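The residues making up each chain are set out below.
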Amino acid sequence: MKLKGTQILLKALEEENVDVIFGYPGGAVLDIYDELYKSTMKHILVRHEQGAVHAADGYARATGKVGVCLVTSGPGATNTVTGIATANMDSIPLVVFTGQVPTGLIGNDAFQECDITGITRPCTKHNFLVRSIEDLAPTIKEAFNIARSGRPGPVLVDLPKNVMAAETDYDPANIKIRNYEVTHKPAPKKMANVFEMLTSAKRPLIMTGGGVILGKASAQLTGLARKYQIPVTGTLMGLGSFPGTDPLWLGMLGMHGTYYANMAISHCDLLLAVGVRFDDRVTGTIKTFAANAKIVQIDIDPSSINKNVVVDLPIIGDTKATLTDMINFLAKHNYTYSPADRQEWLGQVAEWKGKVPLTYCQNGKEIKPQYVIETLHKLTKGNAIITTEVGQNQMWTAQFFHFDHPNTFISSGGLGTMGFGLPAAIGVKYAFPDKQVVDIAGDGSIQMNIQELATAAQYKINVKIVLLNNGYLGMVRQWQELFYEKRYSHTDMTYAPDFVKLAEAYGIIGLRATKPEEVESILKLGLSLDKPVLMDFRISREECVYPMVHPGESISNMSLGSREMIN
Amino acid sequence: MEKKEHILSILVHNKPDVLARIAGTLGGKGYNIESLSVNTTTQYEISKIVMTTVGSQETVTRIENQLQRLVDVIAVDDLTNVESIHRELILVRLNLTADKKEQIKKAVDTNKWKVLVSADTYMILEITGDHSQIDFALVRLEPLGIADITRTGIIALNLEN
Ligand SMILES: Cc1ncc(C[n+]2csc(CCOP(=O)(O)OP(=O)(O)O)c2C)c(N)n1
Ligand SMILES: [Mg+2]
């Protein structure tokens, strides 16, 4: 049977089990939107195309499925670029469909033409311009395959208007595409090496990253660490891959990592790094990073190995399959650790934890952002999916909300995109309507995609926004305080809307707390309401995120803020 | 680490923008392409790209890994670390002016250069060789007055599989 391009698109999406599209219409995709009108496919109309991509991204991070967007050509397409780059840096599977002018006009500077495949080539895993109707179905199938296979990532598919209007036969059972799946190759020799290294190590440490979450390997990683009593630290993207309330957990490492995680990295003699890429925010100066340790690195992507940190034993492979092999190998060959050695190492770690715990100064007068997050954790019993914006709000969340489960901390790690949290929360809440979904936001970031409050209101997507309002671009201000002698150049944001009134104007609920004693009751109320709620917490304005490793320093060399006096 | 020239042989799917992807992958990460040669293989849908770049072994391994990540790249080989044969080709036009005519004819004979076109007023030569042979030929051609020249990128083949 012959079908039109627009019909093939929707049928192909059904084949891929797509249950929602985040999108925004325009001239080049009018035909597709007309087909959507007749179809049962769910579509969420966002208020800005960047919001569509972040929403699809949040959906993908929380579900592990591929997120899908649909936008028009030209400005619709260029508006997706920040979202695509965000997903690309964090290896999130997306398929973004963009409209394009008819093939005959491409290259003519036609109305709303832009070379979006050219623009997104460096920030997608791959992209396609569909040149003929015969290519449409196979391209869509390939796009989904590429997005979710191996190291995942965003794929863009550009759809010229005339191609979508053309007709061809559609037979989903007979579409042949290349195989992109990476087959797992066991590496018994390397497992033997790991066995030897673990046997001779006195101070082993596991470092878990986003690859453990993407590879669905949290259970294996947790099992390995608990069985052999190996302490675990994680990158920002790894939060939730090991239970944040487990005694073996050391919290995040790196620039705003805990004192004890950074000390453990600097003193361990074996580092088992799983699904991490050793970003400079994590390592501090490379020279002294894990300087006393042999490093084993497991990653699916060879380009992540030896990129920043030179490792002793690279193992290229899927994190889940490789950790499973490792667990089996260690068990089969009766790996045992010396209880005395382990006790000494865990004792040392406990001593660091006791010396400089993750804490903050409660003065009773001002709302401390850390207290808001702790209270949120307490009230939700940690049973919530949290998105963040970027800046201090993001770092405090990483430090003070102890994530016990994978796919529950949703944040732009690699690109650090302000404006990510709200649309991402909408995508998450769409996927999990029965879960508490909270965007922990900053007053600067929230204004970057504030228009998405309308999306939440329209579709009754009841996200909660915990706004840590310091009236500053706080993280930048912190750097100005520490490194520019408090010259606060263009970081004061006191000129802002009244967020409570703004929420009300959007038809959602706005609440405000200005005193510490109001925090718990406002959170309780906000969380209990069956509507989107924005809670404006007027926090201590010049609170800083500590510990902090100064840029270019060793990660064992941390500023601890006011606690420096104590130590 | 020691920097040297590396010759990469890259098999790719012959897609419209595969060269742009490869060039972008290198350029975008700050690596330079010194020489480039592209054509289809015995199968039209598969092309081979031979590319040279200068860097330490560490840098070049990084480049190889980045290239391997591209969906349309099938295989990347560094021919510098295996036994391989390299060739470049130049086409040169020499103008047969009255004062140079005899000198040019003599040089063509002694060097056994291949004459592709011989006209009254000019001559076009084809010279192949490895990088240093071509450089050497250029030294000899220089005094004869090169009117125009085209030089290909390096192509290379490993001796054994
Ligand atoms: C799109 C974008 N622009 C600029 C930055 C640089 N930047 C990083 S954090 C930050 C301040 C964020 O302010 P706010 O959202 O109020 O968060 P706070 O640090 O105060 O919690 C800025 C401007 C960025 N990360 N993203
Ligand atoms: Mg702020």
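Provided above is the structure to which this section pertains.
Before going into details, it helps to say that this report is about the structure given with it.

Cut-off values and rules
- Residues numbered from 1 in each chain as written.
- Chains lettered and ligands numbered in written order.
- Predicted model: local features only at pLDDT ≥ 70, side-chain atom pairs only at ≥ 80, totals over all residues.
- Heavy atoms only, no water.
- Helix = DSSP H or I, 4+ residues; strand = E, 2+ residues; numbered from the N terminus.
- Buried < 20%, exposed > 50% of the residue type's maximum accessible area, 1.4 Å probe, protein only.
- Contact = heavy atoms within 4.5 Å.
- Rg over C-alpha atoms; globule rule 2.2 N^0.38 Å.
- Donors = N, O, S within 2.8 Å, 3.2 Å for Na, K, Ca; no water.
- Buried area = accessible area lost by both parts, 1.4 Å probe.
- Salt bridge = Lys/Arg side-chain N within 4 Å of Asp/Glu carboxyl O.
- Polar contact = N/O pair within 3.5 Å; in protein donor to acceptor, adjacent residues only side chain to side chain.
- Nonpolar A, V, L, I, M, F, W, Y, C, P; charged D, E, K, R; others polar.
- Near = heavy atom within 4 Å.
- Areas by Shrake-Rupley, 256 points an atom, 1.4 Å probe, with all protein chains shown as cover.

1. Re the overall build of chain B
Line of reasoning, step 1. Tallying secondary structure elements over chain B gives four helices and nine strands in all.
Line of reasoning, step 2. Each helix and strand of chain B, ordered N terminal to C terminal, gives the series β-α-β-β-α-β-β-α-β-β-α-β-β.
Line of reasoning, step 3. Across its three principal axes, chain B shows a C-alpha extent of roughly 55 × 40 × 35 Å.
Line of reasoning, step 4. Considering chain B as a whole, with its 161 residues, one finds that 37% of them fall into the buried category.
Line of reasoning, step 5. A fraction of 73% describes how many contacts in chain B between residues 6 or more apart in sequence connect residues 24 or more apart.

2. Some remarks on the overall build of chain A
Line of reasoning, step 1. For chain A, the count of helices and strands is 23 helices and 22 strands.
Line of reasoning, step 2. Against the globule reference of 24 Å for 567 residues, chain A gives a C-alpha radius of gyration of 24 Å, in line with a compact fold.
Line of reasoning, step 3. By principal-axis analysis of the C-alpha atoms, chain A measures approximately 75 × 60 × 40 Å.
Line of reasoning, step 4. For chain A, with 567 residues in total, the buried portion stands at 59%.

3. Focus on the coordination of the magnesium ion (ligand 2)
Residues and elements named next belong to chain A.
Line of reasoning, step 1. With distances of 2.1 Å, the protein atoms coordinating the magnesium ion (ligand 2) are Asp443 (OD), Asn470 (OD1) and Tyr472 (O).
Line of reasoning, step 2. Sequence spacing of the donor residues for the magnesium ion (ligand 2), all on one chain, is D-x26-N-x1-Y. Within this pair, whereas Asp443 is found in helix 19 (residues 443-446), its partner Tyr472 is found in the loop between strand 18 (464-469) and helix 21 (474-483), the two being separated by 29 residues in sequence. Residues Asp443 and Tyr472 agree in their burial class; the two are buried.

4. Digging into the interface of chain B and chain A
Line of reasoning, step 1. Between chain B and chain A, the residue contacts involve 13 residues of the former and 15 residues of the latter.
Line of reasoning, step 2. Where chain B abuts chain A, roughly 1,300 Å² becomes buried across the two surfaces, and 46% of that area is made up of carbon and sulfur atoms.
Line of reasoning, step 3. Of all residues in chain B, Arg21, Arg69 and Val71 of chain B give up the largest surface area on contact with chain A, accounting jointly for 47% of the area buried on that side.
Line of reasoning, step 4. Counting the contacts that link chain B with chain A gives three salt bridges.
Line of reasoning, step 5. One salt bridge connects Arg69 of chain B with Asp301 of chain A, and the closest N-O pair in it is separated by 3.3 Å.
Line of reasoning, step 6. Along the contact surface separating chain B from chain A lie seven residue pairs in polar contact (both at pLDDT 80 or more).
Line of reasoning, step 7. Among the elements that line the side of chain B that touches chain A, the one with the most residues is helix 2 (residues 57-69) of chain B, at five residues.
Line of reasoning, step 8. The residue makeup of the side of chain B that touches chain A, split by class, is three nonpolar, three polar and seven charged.

5. Comments concerning the site of ligand 1
All names here are of chain A.
Line of reasoning, step 1. Surveying the vicinity of ligand 1 reveals 17 residues, the closest of which are Gln392, Gly416, Gly444, Ser445 and Gly474.
Line of reasoning, step 2. Gln392 places a main-chain nitrogen or oxygen 2.8 Å from an oxygen atom of ligand 1.
Line of reasoning, step 3. A distance of 2.9 Å separates an oxygen atom of ligand 1 from a polar backbone atom of Met475.
Line of reasoning, step 4. When the free accessible area of ligand 1 is taken as 590 Å², the share hidden by the protein chains comes to 76%.
Line of reasoning, step 5. Those elements that provide at least two residues to the shell around ligand 1 are helix 17 (392-400), helix 19 and helix 21.
Line of reasoning, step 6. Its residues placed into classes, the shell around ligand 1 shows seven nonpolar, nine polar and one charged.

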